[in-house]
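Structural overview
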Amino acid sequence: MKKAFITEEGKTAVTAYYERILESLSVSYEQLLLPTQYGDTFALISGKAHGQTVILLHGSSMNSAMWIDDIQTLSHYYRVIALDIPGEPGKSDERQLSFESDDYAYWLSEVFSLLKIGKAFLVGNSLGGWIALKFSILYPECVEKAVLLAPAGIG
């Protein structure tokens, strides 16, 4: 099974840089580690506690730090949740899920359940777009709208 980090030194360097980026956020936020059957999932949550929810899903070889500017803008209008996808170099479980199964959609469904999200806007870049699409197909009742930015696997 593929893992996000090859060495502990690489993991330490990426995590330290990630923390420096988070310190640049000018809006208040909380960090949660959600226990799922696919391992722990890191969630960066900001914005209106009772507003419409926007879920941000990053691309491959990235983490939620890619959304920092978007979080700062969107959090004035929405409850924003940026998730670190399992198996990618962030703060979620390092083990990559199978691309040949529906595990990523099941993982996101479990996150929705843990965070008590009924329906949300999904914004996904590359791998995140592919996950948003898989989730939208299996759980259309949970998706208000999906924005897919260069979704992987579609061609």
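Above this text sits the structure in question.
First, a word on scope: everything that follows refers to the structure included in this document. Along each chain, residues carry numbers from 1 onward, in the same order as the chain's sequence is written. Residue-level local features of this predicted model are given only where pLDDT is at least 70; pairs of side-chain atoms are given and counted only at 80 or more, and the full residue set underlies all totals for whole chains, interfaces and linings. With hydrogens and water set aside, each side-chain value is computed from the structure's full complement of heavy atoms.

1. Comments concerning the overall build of the protein
Formally: Strands here are runs of E lasting at least two residues and helices are runs of H or I lasting at least four, both read from the DSSP assignment and numbered beginning at the N terminus. To sort residues, take the accessible area from a 1.4 Å probe on protein chains only and compare it with the maximum for the residue type: under 20% means buried, over 50% means exposed, and anything in between is partly exposed. Within this scheme the basic residues Lys and Arg register as positive and the acidic residues Asp and Glu register as negative, but His and the chain ends are omitted. Lys charges are placed at NZ, Arg charges at CZ, Asp charges at CG and Glu charges at CD.
Regarding its fold elements, the protein presents four helices and six strands. The order of helices and strands in the protein, counted from the N terminus, is α-β-β-β-α-β-α-β-α-β. Each principal axis of the C-alpha distribution contributes one length, and for the protein these read about 40 × 40 × 30 Å. Scored against the burial criterion, the 155 residues of the protein give a buried share of 47%. Mean positive and mean negative side-chain charge positions of the protein (12 and 18 charges, respectively) differ by 4 Å.

2. Concerning a nonpolar patch on the surface
Keep this limit in mind: Candidates for patches are residues over 30% relative accessible area with no salt bridge; among them, like charges are joined within 9 Å and nonpolar side chains (Val, Leu, Ile, Met, Phe, Trp, Tyr) within 5 Å. Values of accessible area rely on a 1.4 Å probe in the Shrake-Rupley scheme; residue burial ignores everything except the protein chains shown. Here a salt bridge means any side-chain nitrogen of Lys or Arg lying within 4 Å of a carboxyl oxygen belonging to Asp or Glu.
Judged by side-chain polarity, Y106, I137 and L138 come together as a nonpolar surface patch covering roughly 290 Å² of accessible area. When you line up the elements, I137 lands in helix α4 (residues 127-138). With a relative accessible area of 61%, I137 lands in the exposed category.

3. Notes on the pairing of strand β6 (residues 143-149)
Note the following rule: Strands pair, by our definition, only if DSSP identifies at least two bridges between them. Here the term right-handed applies to a crossover when the path leading from its first strand over the helix to its second strand runs clockwise, the strands being oriented away from the viewer.
In this sheet, β6 lies alongside strand β5 (residues 120-125) in parallel orientation, the contact comprising six bridges. By the bridge assignment for β6, A120 is matched with V143. A crossover links β5 with its parallel partner β6, the connecting element being α4, and its sense is right-handed.

4. Side note on the sheet that holds strand β4 (residues 79-83)
Rules: Every axis corresponds to a line fitted to the C-alpha atoms, with the helix fit spanning only the stretch in contact, and the corresponding angles, defined between N-to-C directions, vary from 0 to 180 degrees. By definition, residues are in contact when any of their heavy atoms lie within 4.5 Å.
Strand order in this open sheet of six strands is β1-β2-β4-β3-β5-β6, and the pairing throughout is mixed. Unpaired on one side and paired on the other, β1 (29-36) and β6 mark the two borders of the sheet. Mean inter-strand twist for the sheet, computed between neighbouring axes without regard to direction, equals 20°. Where helix α1 (residues 8-23) meets the sheet, its contacts fall on β1 and β2 (39-47), and the angle it forms with β1 comes to roughly 135°.

5. Details of the pattern of salt bridges
Throughout the structure, instances matching the rule amount to four salt bridges. Residues R95 and D93 are paired through a salt bridge, measuring 2.8 Å at the closest nitrogen-oxygen approach. Residue classification places R95 among the partly exposed positions, given a relative accessible area of 41%.

6. Some details on the packing of aromatic side chains
Under the convention used in this document: A pair of Phe, Tyr and Trp rings is counted when the ring centres sit within 6.5 Å of each other, with Trp represented by its six-membered ring. The angle between the planes then sorts it: under 30 degrees is stacked, over 60 is edge-to-face, the rest tilted.
Within this structure, the stated rule accounts for seven aromatic pairs. Each ring, one from Y78 and one from F121, has its centre 5.9 Å from the other, and the planes form 70°; the classification is edge-to-face. One end of the pair, Y78, is in the loop between α2 (68-74) and β4; the other, F121, is in strand β5, and 43 residues separate them in sequence. By relative accessible area, Y78 is classed as partly exposed at 25%.

7. Observations concerning unusual backbone geometry
Its identity is not glycine, yet S61 carries a phi of approximately 65°, on the positive side. For S61, the location among the structural elements is in the loop between β3 (53-57) and α2. Its relative accessible area of 53% is what places S61 among the exposed residues. Even without being glycine, S126 reaches a positive phi, approximately 55°. In this fold, S126 is placed in the loop between β5 and α4. Assessed through its relative accessible area of 25%, S126 is described here as partly exposed.

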